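Residues per chain are reported as follows:
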Amino acid sequence: MHHAQESQVIAPTLFLSDADVASLADWGTAVAALAEAYAHPTSDAMVPPRSMARGDGLWLRSLTAVPPTGGQMGCKLIAASMRARCASYLIALFNQQTMALSALIDGNRVTGLRTAATAALAVDLLAPKRALRVGVIGAGFEARGALDCLKSVRDVSHVRVFSPTPASRERFAESFKPGLDIQAVSSAQEAVRDADVVICAARSRDESPVLQGAWLCPGATVVSLGSTLPEQREVDPVTMERAACIVADMPQEVLHDTGDAIAAISAGVYVADKLVALWDLVAGRVTPRQQASDIVLYKSVGSALQDVVIAQALYERARQQGLGIELPASIVPVSK
């Protein structure tokens, strides 16, 4: 074993803080980076299932990916304490050519960035090509990010938002004014009435669904972002039954590991028969709607590919803008 050739110039490892990420984040860049990545063929081996180590009230989750577009490969680590109710997020990027550690990035904001940007990418491909009427269920950071990103890539004619807490939905609506025709409403059913796009980013305290499929108008595009585990619920079985097509960022995880799909399958809905991968949608290999009245659902659990692609875009912008801290020491790749 010996050190890599000394003639090979390795750039210093860049550290990006949470403040750096906040200043570098840009919806257009994020959506474009994801569109490019999802347009390339990707094997399961390149984006393997996430893993989790558990202790007493502690867990450490790892998500790894080798993007098909080259550049960087990386992992996101999430360390969480149930007792202390806190978590830390770290993304490490390695250069695919040199194996050098390119960057260490505070991943706190990246999950929100990638969730919203991937949803906007899906909606742009699924929703009708006109100004959109949007219904939002939820008033937290995921709902805010999803709407903010969507309006950066598509014209939005008006928005209705519902959250069970009146102050939260009013605050959410006010934060988008002026510039957006948005109204806080007193029920989820009213929020989604006549909506072209329904954004679900909320769960009830008792994990009962917040969206009833019976409320949806023909041709609706539903985005479900808030239920990613077997014990979580967000959309009811009727929503999945009415959907002509269910687009998933991680199809097998959506099918087997989300409470919405598990409940729908238990109710006799043939979820697997209408499940398609986001890869195939972006690449144009599937036609999600056979007719304009078809309802479609985009169901997201999140993917390491999204994290790594967004992190790479942040890293490249940081290099261009001179942001971040170059670490005084580097991990030198070794030849084997």
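Up top is the structure.
A brief structural summary.

About the cut-offs
- Residues numbered from 1 in each chain as written.
- Predicted model: local features only at pLDDT ≥ 70, side-chain atom pairs only at ≥ 80, totals over all residues.
- Heavy atoms only, no water.
- Phe/Tyr/Trp six-rings, centres within 6.5 Å; stacked < 30°, edge-to-face > 60°.
- Helix = DSSP H or I, 4+ residues; strand = E, 2+ residues; numbered from the N terminus.
- Buried < 20%, exposed > 50% of the residue type's maximum accessible area, 1.4 Å probe, protein only.
- Expected span 1.5 Å × (residues − 1).
- Pairing = 2+ DSSP bridges.
- Salt bridge = Lys/Arg side-chain N within 4 Å of Asp/Glu carboxyl O.
- Contact = heavy atoms within 4.5 Å.
- Polar contact = N/O pair within 3.5 Å; in protein donor to acceptor, adjacent residues only side chain to side chain.
- Axes fitted to C-alpha atoms, helices over the stretch in contact; angles between N-to-C directions.
- Parallel < 35°, antiparallel > 145°, perpendicular 65-115°, else oblique.
- Left-handed = near helix turned anticlockwise from the far one by under 90°.
- Nonpolar A, V, L, I, M, F, W, Y, C, P; charged D, E, K, R; others polar.

## Section: the packing of aromatic side chains
Applying the stated criterion to the full structure yields two aromatic pairs. Pairing Y38 with W279 gives two aromatic rings, centres 4.5 Å apart and planes at 40°, and the pair type is tilted. Pair noted here: Y38 is in helix α2 (residues 27-38) and W279 is in helix α10 (residues 278-282), with a separation of 241 residues, a long-range link. One exposure class covers both Y38 and W279, and it is buried. A centroid spacing of 5.2 Å and a plane angle of 50° characterise the contact between F172 and F176, whose relative ring orientation is tilted.

## Thoughts on helix α4 (residues 141-153)
Taking 1.5 Å of rise per residue, 13 residues should cover 18 Å, and α4 covers 19 Å from first to last C-alpha, within 8% of that figure. Three or more residues of α4 are buried, namely A143, G145, A146, L147, C149 and L150.

## Looking at the pairing of strand β15 (residues 295-299)
β15 sits mainly inside the fold: five of its five residues count as buried. The sheet contact formed by strand β12 (residues 221-224) and β15 spans four bridges and is parallel. Paired with T221 across the two strands is V296, which belongs to β15. Of the strand pairs in this sheet, strand β13 (residues 243-248) and β15 are connected by five bridges, and their pairing is parallel.

## A closer look at the pattern of salt bridges
If you walk through the whole model with that rule in mind, you get 16 salt bridges. For D194, the salt bridge is made with R193, and the minimal N-O distance between the two is 3.9 Å. Classification of D194 by relative accessible area gives partly exposed; the value is 40%. A residue is classified by how much of its surface remains accessible, and R193, at 40% relative accessible area, is partly exposed.

## Some details on the environment of C217
On the secondary structure map, C217 appears in the loop between β11 (197-200) and β12. Overall, the relative accessible area of 17% leaves C217 in the buried class. Note: C-alpha distance between C217 and K151 (66 residues apart in sequence) is 21 Å. Non-local contacts of C217, meaning those with residues more than four positions away in its chain, are made with D194, A195 and I295.

## As for the side chain of Q72
Within the element layout of this structure, Q72 appears in strand β5 (residues 72-81). On the accessibility criterion, Q72 (6% relative accessible area) is buried. Within the structure, the side chain of Q72 is placed 3.3 Å from the backbone nitrogen of N95, a separation counted as a polar contact. A distance of 2.7 Å separates polar atoms of two side chains, one belonging to Q72 and the other to S102.

## A look at the packing of helix α3 (residues 110-126) against α4
The interhelical angle for the contact between α3 and α4, taken along N-to-C directions, is 45°, at an axis separation of 8 Å. When the axis of α3 is compared with that of α4, the two are oblique. As α3 packs across α4, the resulting crossing turns out to be right-handed. Contacts from G112, T115, A116, A117, A120 and V123 of α3 reach α4 at F141, E142, G145, A146, C149, L150 and V153. Its residues assigned to classes, the contact of α3 with α4 comprises nine nonpolar, three polar and one charged.

## A few points about the environment of L77
In this fold, L77 is placed in strand β5. It is 6.9 Å that separates the C-alpha atoms of L77 and L60, two residues lying 17 residues apart in sequence. Residue contacts for L77: discarding those within four places in its chain leaves R61, S62, S88, Y89 and L90.

## A few points about the sheet that holds strand β6 (residues 86-95)
Taken together, the seven strands give an open sheet; going across it, the order is β3-β4-β5-β6-β7-β2-β16, and neighbouring strands pair in mixed fashion. Each having just a single partner strand, β3 (51-54) and β16 (325-326) make up the two edges of the open sheet. Bridge analysis of β3 against strand β4 (residues 58-65) gives four bridges, and the strand direction is antiparallel. Bridging across to β4, R54 finds its partner in W59. With respect to the sheet, helix α11 (residues 304-321) is in contact with β2 (14-16), β4, β5, β6, β7 (101-106) and β16, its orientation differing from that of β5 by roughly 110°.

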